[in-house]
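Here's the letter readout for the chains.
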Amino acid sequence: MNVVGLTPIIPIVFAFALPLTSIIVKGNKKVIQAHALVGTGLTLLSAFKLFRTAYVAEKPLIYTFGGWNAPVGIIYEVDRMSALLALITTLLMFLIAIYSYRYLGGEGGFEWYYTLYLGLEAGLLGVLLTGDAFNLFVMIEVTSIAAYALVMFYHKRGDSLCAGLKYALIGAIGTTMYFLALGVIYYAFGTLNMANLSAIVHGIDFPIVTETYYNIAVASGIALALASWAFLIKAAIVPNHFWLPEAHPAAPSPISAILSGLVVNVGIYSLVRFLYTIYGGQLSGQLGDVVHLISIIIIILGAVSAIFGALMMSVQKDVKRLIAYSTIMHMGYLAMAVGVGTQMALQAAIFHMINHAVAKALLFLAVGVFIHAAGSRNINDLAGLGRKMPLATFGLAIASLSLVGIPPLNVFFSKLLLFNAFMEKSFVLALILVLSSVIALVAYIRVLYEIWLGKRTEEVNVKEPMSMSMVCLLLAIVSIALGLLAPYIIEHYINLAVNQTMDYELYIKAALESATKLKLP
């Protein structure tokens, strides 16, 4: 098994082994924590090896399950974009696993938390690495089911159960829509392999499945409409956003960090795979018109999300709901960039996915330190706690200023790329980016001011939880480093990932070379 197949397998194995391990050690939390850290740590090492291998290779990496090559079997096809995002995902999952131990130290069900946590990581990696549209559905389901359960971790609280069930309901609608889209695609194309689909769309020969069975323009229109709507639900784009502000307050803070930093990326990444890999390039005729129309709708919904999210931030008293609306705003930026469809827009989208994941995870984890101390999510109840917890306050300040777009922090540079990409398309899109950022600035500063400089009505004797705050400090350093090194990162990593993602012919060629070696057992 090569590094492509090994990376998502590691968390799956550790997830299935954890309940048995818990029984053997009689629920010892330190052993359970060690089990989870070894699992996420090994996954991080494997993802790093995958990242290095992908950037050295001239074409995407292929792994065939059970020896069945495309298009007969399911393959994983990893280009530089998916390898880069997998590395960021595994890094954050490892750090948040460390943070979780202290945050949930007094809670029961520790072994089930980490079992679901590892399952969630496996699902996220499966989404990023797969080269099969049906396997993408399976991995989205794995991700979603684990996320639903983790949102309901505080199962004795009514708000947690309500939010989790609402999330599960809207998520099930989304995955059902995507499953219907797959039915339409398979009926028309006779395959669900992404490279094979792209080859048919662009008139490139591919073994076994070479002809279509229905008008692909009509079928693509129906399938793209269903799939895009499903992906917009996963990305919390208006009007499919309403699950996110409910799920964030109900979930433990480390899970909120994963939902906002990583899970919502599933929808954006899937849109990129469909619009750039399968339907990329200059398509003519009805098919080109269909893709263009879908892109315009995505841009409009993204713009509405950006403004709506920023406005809703300014009226929130629950700090986690405020941050949730910030996520909706940033997902709006990403949807707009994906809809624009240019090379610069994809460059901005990939870099912003990375920067937003790091900064938003940091923001939730820093706020989680104060929520853990105060036992409340109300901004007023957190007043003045920042003075007692300097490391968490530093993390909060870095995350807030970064997400606003203050230089030289990381999100500033991806916002700058977004601004330039939007200006190429329309001044209105660039204006929306600026206006929403200014509105959000007021909300971020209000939270930072209240936590750091606000006056408490009553004093509390709290001590900074160092294991949690050190994770915040490390992520703050990563945010600063991503900003200071942004020109280098863009030139040597982002641009290389963009060039490979835009080259759908290379994606097809990698799968084609594997397919020509097909040997039926």
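For every chain, the first residue of the written sequence is number 1, and numbering continues from 1 along that sequence. A pLDDT threshold of at least 70 governs which residues receive local features in this predicted model, and a stricter bar of 80 or more applies before side-chain atom pairs are shown or counted, although totals over entire chains, interfaces and linings include all residues. Side-chain calculation: all heavy atoms of the structure are included, whereas hydrogens and water are not.

**Q** Please provide a residue-by-residue account of the overall build of the protein, values included.
**A** Under the DSSP-based scheme used, a helix requires at least four consecutive residues in state H or I and a strand at least two consecutive residues in state E, with every element numbered from the N terminus. The helix and strand tally for the protein stands at 20 helices and two strands. Two things to know: the radius of gyration comes from C-alpha atoms, and the globule rule equals 2.2 Å times the number of residues to the power 0.38. For the protein, the C-alpha radius of gyration of 22 Å lies close to 24 Å, the compact-globule estimate for 521 residues. Over its C-alpha atoms, taken along the principal directions, the protein stretches across nearly 75 × 60 × 45 Å. The rule is simple: take the accessible area with a 1.4 Å probe, protein chains only, and divide by the maximum for that residue type; under 20% is buried, over 50% is exposed, in between is partly exposed. Taken over 521 residues, the protein has a buried fraction of 62%. Contacts were defined at the residue level, with two residues in contact if any of their heavy atoms lie within 4.5 Å. The long-range fraction of contacts in the protein, counting pairs at least 24 apart against all pairs at least 6 apart in sequence, stands at 81%. Of the roughly 19000 Å² that the protein leaves accessible, carbon and sulfur atoms contribute 67%. His is not counted, nor are the chain ends, whereas Lys and Arg count as positive and Asp and Glu as negative. Positions of charges follow a simple convention, taking NZ of Lys, CZ of Arg, CG of Asp or CD of Glu. Measuring between centres, the 29 positive side-chain charges of the protein sit 10 Å from its 24 negative side-chain charges. The accessible surface values rely on the Shrake-Rupley method and a 1.4 Å probe; as for residues, cover is taken only from the protein chains in view.

**Q** Describe the packing of helix H3 (residues 80–103) against helix H4 (residues 110–129), listing the residues and the values that go with them.
**A** Running from N to C, H3 and H4 point in directions that differ by 170 degrees, and their axes come no closer than 9 Å. Viewed along their axes, H3 and H4 adopt a mutual orientation that is roughly antiparallel. Contacts between H3 and H4 involve Ser82, Leu85, Ala86, Thr89, Thr90, Leu92, Met93, Ile96, Ala97, Ser100 and Tyr101 on the former and, on the latter, Phe110, Tyr113, Tyr114, Tyr117, Glu121, Leu124, Leu125, Leu128 and Leu129. Taken together, the residues that form the contact of H3 with H4 break down as 15 nonpolar, four polar and one charged. Axis geometry follows a simple rule: fit a line to the C-alpha atoms, using only the stretch in contact for helices, then measure angles between N-to-C directions, giving values from 0 to 180 degrees. By definition in this entry, angles of less than 35 degrees are roughly parallel, angles greater than 145 are roughly antiparallel, angles of 65 to 115 are roughly perpendicular, and the rest are oblique. Throughout, the ten residues Ala, Val, Leu, Ile, Met, Phe, Trp, Tyr, Cys and Pro are labelled nonpolar, Asp, Glu, Lys and Arg are labelled charged, and all others, Gly among them, are labelled polar.

**Q** Could you give me a rundown of helix H19 (residues 486–502), with the residues and numbers involved?
**A** Two axes enter the bend calculation: one fitted to the seven residues ending at the residue in question, the other to the seven starting there, and the bend is the angle between them. At Ile494, H19 shows its maximal bend, which comes to roughly 35 degrees. Inspection of H19 places Ala486, Ile489, Ile490, Ile494, Ala497, Val498, Gln500 and Thr501 among the buried residues, and these make up the whole buried set.

**Q** Give a description of the pattern of salt bridges that names residues and reports values.
**A** When a carboxyl oxygen of Asp or Glu lies within 4 Å of a side-chain nitrogen of Lys or Arg, that pair is called a salt bridge. The final tally for this structure, using the stated rule, is four salt bridges. Residue Asp318 is joined to Arg377 by a salt bridge in which the shortest nitrogen-to-oxygen separation is 2.7 Å. Of this pair, Asp318 sits in the loop between helix H12 (285–313) and helix H13 (319–340) while Arg377 sits in the loop between helix H14 (343–374) and helix H15 (390–404), placing them 59 residues apart in sequence.

**Q** I'd like a description of the packing of aromatic side chains, backed by residues and values.
**A** Between 30 and 60 degrees the pair is tilted, below 30 it is stacked and above 60 it is edge-to-face, where a pair is any two Phe, Tyr or Trp rings, Trp via its six-membered ring, whose centres lie within 6.5 Å. Here the structure, examined in full by the defined rule, presents 23 aromatic pairs. Put simply, the rings of Tyr101, Phe110, Tyr113, Tyr114, Tyr117, Phe153 and Tyr154 touch in pairs and so form one group of aromatic residues.

**Q** Outline the environment of Ala392, supporting the account with residue identities and numerical values.
**A** Its location among the elements puts Ala392 in helix H15. Residue Ala392 is classed as buried on the basis of its relative accessible area of 0%. C-alpha separation for the pair Ala392 and Met466, spaced 74 residues apart in sequence, amounts to 9.1 Å. The contacts of Ala392, once residues within four sequence positions are left out, are Ala366, Val369, Phe370, Glu464 and Ser469.

Scope: geometric values only; no functional claims are made or implied.
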